[in-house]
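A closer look at the structure
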Amino acid sequence: MSFDENLADIKARINKACERAECETTPELVAVSKRQPDDRIEAALKAGLRVFGENRVQEAQSHWAERRAGYPDLKLRLIGPLQSNKSEEAVALFDTIDVLDRAKLCRTLAEAIQKIGKSPEILVQVNTGEEPQKAGVLPGDLDEFLTQTCREYDLSPVGLMCIPPAEEAPGPHFALLAKLASRYGLPQLSMGMSGDFETAILYGATHIRVGSALFGERD
Ligand SMILES: *Cc1c(COP(=O)(O)O)cnc(C)c1O
């Protein structure tokens, strides 16, 4: 299928899921352009998509540093693990950082925000499946992280993000994330990927991150 056909299909599925979920606002489609070739990125821009997700700072720079000038309404989101020594580059490039997950990153992001004079939106990644190999604040540590660690560095996250364990049904993880976001009054819920975005919408996702279903398989 062509990019435009994939996009039409995904938009139809989003609308259908939204009807079932009785969404007040349609969730934002974040087009995950990591490891995608230039012609597909161009097709996405031509189709009018303006919100893109990338999981590496350097690759994001190569995809977007030049293109950005032609698209003033472009919004870039960092959705992959951030090394603290890349904080300044990340603050400079991204509009939203979905992956705040530890105290050290609070410090380096706060320093970068000070230095660069630009404040991206920040979401806290939550390791809902408590998987040792996965990034994210553990659900049991979230309270302290939000009410103490973030405050200490003057960071005010606007939402939560999760990646459920690959081998489990995602619904309970999305439900947990939604419950936590509501508890702390956080408006953004970044959850759902190609395989499970409809489920995420049922649980209140405000941002779904779709890569392969939109662009095709990655390199
Ligand atoms: C790669 C990636 C996606 C997109 O995955 P698809 O299954 O290709 O839709 C979404 N979220 C994160 C955090 C990713 O790393």
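Higher on the page you've got the structure.
Cut-offs used in this document
- Residues numbered from 1 in each chain as written.
- Predicted model: local features only at pLDDT ≥ 70, side-chain atom pairs only at ≥ 80, totals over all residues.
- Heavy atoms only, no water.
- Helix = DSSP H or I, 4+ residues; strand = E, 2+ residues; numbered from the N terminus.
- Rg over C-alpha atoms; globule rule 2.2 N^0.38 Å.
- Buried < 20%, exposed > 50% of the residue type's maximum accessible area, 1.4 Å probe, protein only.
- Areas by Shrake-Rupley, 256 points an atom, 1.4 Å probe, with all protein chains shown as cover.
- Lys, Arg positive; Asp, Glu negative; His and termini not counted.
- Charge placed at Lys NZ, Arg CZ, Asp CG, Glu CD.
- Contact = heavy atoms within 4.5 Å.
- Phe/Tyr/Trp six-rings, centres within 6.5 Å; stacked < 30°, edge-to-face > 60°.
- Salt bridge = Lys/Arg side-chain N within 4 Å of Asp/Glu carboxyl O.

When helices and strands are tallied, the chain shows 9 helices and 8 strands. In terms of overall size, the chain behaves like a compact globule, its C-alpha atoms giving a radius of gyration of 17 Å where 219 residues would be expected to give roughly 17 Å. On the principal axes, the C-alpha backbone points of the chain span a range of 50 × 40 × 30 Å. Per-residue burial for the chain yields a buried fraction of 49% across its 219 residues. Carbon and sulfur atoms form 46% of the exposed surface of the chain, whose accessible area is close to 10700 Å². Distance between charge centroids for the chain: 2 Å, based on 26 positive and 34 negative side chains.

Attention now moves to the side chain of S87. Among the secondary structure elements, S87 is positioned in helix α4 (residues 87-93). For S87, a relative accessible area of 2% gives the class buried. Apart from residues no more than four positions distant in its own chain, S87 is found in contact with L82, L105, T108, L109 and A112.

Turning our eyes to something else, we now look at the packing of aromatic side chains. With the rule as written, the count across this model stands at 2 aromatic pairs. Ring centres of F3 and F215 lie 5.5 Å apart, and the angle between their planes is 50°; this geometry places the pair in the tilted category. Placement of the pair is F3 in helix α1 (residues 3-21) and F215 in helix α9 (residues 212-215), with a sequence separation of 212 residues. For F215, a relative accessible area of 4% corresponds to the buried category. Residues F52 and W64 carry aromatic rings whose centres are separated by 4.5 Å and whose planes lie at 40° to one another, so their mutual orientation is tilted. Of the two residues, F52 is situated in strand β2 (residues 51-54) and W64 in helix α3 (residues 57-64); the sequence distance between them amounts to 12 residues. Taken individually, F52 and W64 each receive the classification buried, so the pair is uniform in this respect.

A few words now on the pattern of salt bridges. Counted according to the given criterion, the structure contains 11 salt bridges. Note that E42 and R67 form a salt bridge whose closest N and O atoms lie 2.6 Å from each other. Placement of E42 in helix α2 (residues 38-46) and of R67 in the loop between α3 and β3 (75-78) is noted, with a sequence separation of 25 residues between them. When its relative accessible area of 35% is taken as the criterion, E42 is described as partly exposed. Residue R107 is joined to E111 by a salt bridge in which the shortest nitrogen-to-oxygen separation is 3.5 Å. Taken together, the residues R107 and E111, both in helix α5 (residues 103-116) and 4 residues apart, mark about one turn of the helix. Residues joined by salt bridges that share partners form a network here, namely D9, R13 and E198.

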